[in-house]
Amino acid sequence: MTIERFGTLDGQDVFQVSLQGPDGIGMKVLTWGAVVRDLTVPLAGGSQRVVLGLNSIEDYVAHSPYFGAIVGRYGNRIGKAQFTLNGETCRLDANEGENQLHGGTMGFGTRLWSILDHGAGSLTLGLVSDDGDMGYPGRLVATCTYMLLPGSRLRIALEATSDKPTPVNLTTHGYFNLDGSPDISSHELTIAGDFITPTRPDLIPTGEITAVAGTDYDFTAPRPVHGNQHTLYDINYVLRGPYGELRHAATLASRRNGLAMELWTTEPGVQFYDGHLIDLPVQGLDGARYGRHGGLCLEPQRFPDSPNKAHFPSSILPPGQVSRQVSELRFVG
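What this report covers is the structure whose coordinates are included nearby. (Residues numbered from 1 in each chain as written. Predicted model: local features only at pLDDT ≥ 70, side-chain atom pairs only at ≥ 80, totals over all residues. Heavy atoms only, no water.)

Among the secondary structure elements, I209 is positioned in the loop between β18 (193–196) and β19 (210–211). Apart from the residues lying within four places of it in its own chain, the contact partners of I209 are F195, I196, T197, P198, V238 and F312. (Helix = DSSP H or I, 4+ residues; strand = E, 2+ residues; numbered from the N terminus. Contact = heavy atoms within 4.5 Å.)

On to the sheet that holds strand β5 (residues 46–49). An order of β1-β2-β3-β4-β5 is seen for the five strands of this open sheet, with the pairing classed as antiparallel. With one partner strand each, in any of the chains shown, β1 (2–9) and β5 form the two edges of the open sheet. Geometrically, the sheet is characterised by an average inter-axis angle of 20 degrees between neighbouring strands, direction not taken into account. (Pairing = 2+ DSSP bridges. Axes fitted to C-alpha atoms, helices over the stretch in contact; angles between N-to-C directions.)

The tally for this structure, following the rule as stated, stands at two cavities of 30 Å³ or more. Size it by volume and the largest cavity reaches roughly 150 Å³. When contributions to the lining of the largest cavity are tallied by element, the ones reaching two or more residues are β4 (36–43), β6 (69–71), β14 (153–162) and β16 (171–173). A breakdown of the residues in the lining of the largest cavity according to their chemical character gives 14 nonpolar, four polar and no charged. (1 Å grid on protein atoms, 1.4 Å probe; cavity = no way out; pocket = protein on both sides within 12 Å on 5 of 7 lines; lining within 4 Å. Points joined across faces, edges and corners; volume = space filled by probe spheres on them. Nonpolar A, V, L, I, M, F, W, Y, C, P; charged D, E, K, R; others polar.)

Here we come to unusual backbone geometry. Following G72, the chain continues to R73 via a peptide bond in cis, the omega torsion being 5 degrees. Topologically, R73 is positioned in the loop between β6 and β7 (77–78). Positive phi values are uncommon outside glycine, yet A34 reaches one of about 50 degrees. In this fold, A34 is placed in the loop between β3 (26–30) and β4. Look at A34 and you get buried, because its relative accessible area is 0%. (Buried < 20%, exposed > 50% of the residue type's maximum accessible area, 1.4 Å probe, protein only.)

The tally for this structure, following the rule as stated, stands at 18 salt bridges. Two residues, K80 and E98, come together in a salt bridge whose shortest N-O distance is 3.2 Å. Here K80, found in the loop between β7 and β8 (82–85), pairs with E98, found in the loop between β9 (88–91) and β10 (100–101); they are 18 residues apart in sequence, far enough to count as distant. In this structure K80 comes out as partly exposed when scored by relative accessible area, which is 47%. As a salt-bridge pair, R153 and E328 come within 3.5 Å of each other at their nearest N and O atoms. Taken together, the residues R153 in strand β14 and E328 in strand β27 (residues 323–332) connect sequence positions 175 residues apart. (Salt bridge = Lys/Arg side-chain N within 4 Å of Asp/Glu carboxyl O.)

Here we come to the side chain of R302. One can find R302 in the loop between β25 (297–301) and β26 (316–317). Residue R302 is classed as buried on the basis of its relative accessible area of 7%. In terms of polar contacts, R302 uses its side chain to reach the side chain of Y243, at 3.4 Å. Polar contacts involving the side chain of R302 include one to the side chain of S323, which spans 3.2 Å. Sequence-distant contacts of R302, defined by excluding residues within four places in its chain, comprise Y74, V168, N169, Y243, E267, P268, S315, S323 and R324. (Polar contact = N/O pair within 3.5 Å; in protein donor to acceptor, adjacent residues only side chain to side chain.)

Attention shifts here to the packing of aromatic side chains. Taken as a whole and assessed by the stated rule, the structure comprises 12 aromatic pairs. Consider the rings of Y217 and Y233, whose centres lie 5.6 Å apart with planes at 90 degrees: the pair is edge-to-face. Of the two residues, Y217 sits in the loop between β19 and β20 (223–224) while Y233 sits in the loop between β20 and β21 (234–239), which places them 16 residues apart along the sequence. Accessibility expressed as a relative area gives 25% for Y217, which makes it partly exposed. On the numbers, 5.2 Å between centres and 80 degrees between planes, the contact of F303 with F312 is edge-to-face. (Phe/Tyr/Trp six-rings, centres within 6.5 Å; stacked < 30°, edge-to-face > 60°.)

In this approach the atoms are scanned with a rolling probe the size of a water molecule, which exposes any empty space left behind. Its boundaries defined by the atoms lining it, the largest pocket holds a volume of some 330 Å³. If you trace the largest pocket, you find 19 residues lining it, with L9, W32, V61, G109 and T110 closest to the centre. With four residues, the single largest contributor to the lining of the largest pocket is helix α1 (residues 57–63). In this structure, the second largest pocket encloses a volume near 280 Å³. Along the walls of the second largest pocket sit 19 residues, with R77, Y175, D234, Y273 and L277 positioned nearest its centre. The class makeup of the residues in the lining of the second largest pocket is nine nonpolar, five polar and five charged.

Right, dumping it as structure tokens:
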């Protein structure tokens, strides 16, 4: 484990923490946004990078579409940037038209986190969000723990407490590419979800829960990520199994090098975004160019806009309780 200065932002140092786990898995994490800047896993012919990352803090601030970040206080979208809680309307910072995306202009993915604990293969970061931050009620204390485990596994534990009732939806926002190709056309995807929460054109859920069978959204069996070139994906899947228990959510596999990544999570949903808006003017790691479909996201989450949809699983955190998400990336190659 090493800690080195990655750059400065508004006069404050941004650090990079390098972790090494068993079986050859390794990662680099920034204190800015709790970003996973790099993640490499062992293959027979050497290590394989599996995420998209950038070369400077300036590039992240100017160009990153949340590469590798922990987003919150509420990941994904809240319609009209407002919700009503206990009879009071809370108006949030709107940063995507009239809606809020990933916690607002200064969401957790663009904040400096503090190093709370670290070891050779683990790191815990912390962040405090004051009452009224981006419009949310309550002083929220959040932690993110990354842990490299035997069997080429990365465990991510996200926790939060608040002194007032508040919505919480912390999630991971890694962009995955398992073989280093210019796009993810060589990848196959399976999602353990038979239903989606369809959206309006602005990507706010309509409130419906519809079956994927017979549609382009059906990934219940492995198939190419872009078997249908006419469908662009940025949608929440309703996962099978009980909310709160660690269970299989998705499997991504490269036909090019045989590497597979299983996502396991305690969350009720996962957002699949196929990276169709990626178009970076700067180089990525090792000089890579990140363009359209250069990587994809699988974001374990509470459902988008759930504070405004009473029939969706609740995301409200009461005082004195702990919001906890555990997700694992399990690599097999």
